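Coordinate inspection notes
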Amino acid sequence: MIIIRYKKKPNILQTLILDFISARTIEIFDMSKPLDYRITRKRFAWIRIKKNKPTQITVTIQKSQKRIKDYIQWILDLEGRCLYRFPRVKMTQFEDFALNHISRIEWDMLHYLPKYQGAFENLFELNDFGYFDEVQERLEL
């Protein structure tokens, strides 16, 4: 932690990342002492120093905070299409999985009727149980 003390202005307390990670170290600088003043000026460029000339500062207050879209002029390239954040999941085809196992009507019922969960036979017809055959062979050895 860095503490910069003033006589007339409010003091500055600056925490460091190391204060939260490891042991806390406190550095105190007194701006009324010339040595501390010079060290502080060299180490911390962000400290403002009072100049002899009075300067006039004008402050403009914005009514709202700017957003990223105010700076980026993004125009949608694809008109009439949807932008997908993730690629679509490929649907399984009847010819690839169920051609010799079930009828086309059963396949359509499985895919297009939300309440239809399939027949009990479909559990064995449409799934590959080769993994369990390999496990059985390993256990028999």
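Preceding this paragraph is the structure being described.
Residues numbered from 1 in each chain as written. Predicted model: local features only at pLDDT ≥ 70, side-chain atom pairs only at ≥ 80, totals over all residues. Heavy atoms only, no water.

Attention now goes to the packing of aromatic side chains. Inspection of the entire model under this criterion finds 4 aromatic pairs. Ring plane angle 35° and centroid distance 6.1 Å describe the contact between Phe 129 and Phe 132, whose orientation is recorded as tilted. We classify Phe 129 as partly exposed; its relative accessible area is 33%. Assessed through its relative accessible area of 51%, Phe 132 is described here as exposed. (Phe/Tyr/Trp six-rings, centres within 6.5 Å; stacked < 30°, edge-to-face > 60°. Buried < 20%, exposed > 50% of the residue type's maximum accessible area, 1.4 Å probe, protein only.)

Let's shift gears to the sheet that holds strand β2 (residues 12-14). With mixed pairing, 3 strands are arranged side by side in an open sheet as β2-β1-β3. Bordering the open sheet on either side are β2 and β3 (27-30), each of which pairs with just one other strand. Neighbour-to-neighbour, the strand axes of this sheet turn through a mean angle of 10°, independent of strand direction. Pairing of strand β1 (residues 2-5) with β2 involves 3 bridges; the strand directions are antiparallel. (Pairing = 2+ DSSP bridges. Helix = DSSP H or I, 4+ residues; strand = E, 2+ residues; numbered from the N terminus. Axes fitted to C-alpha atoms, helices over the stretch in contact; angles between N-to-C directions.)

These values are about where atoms sit, not about what they do.
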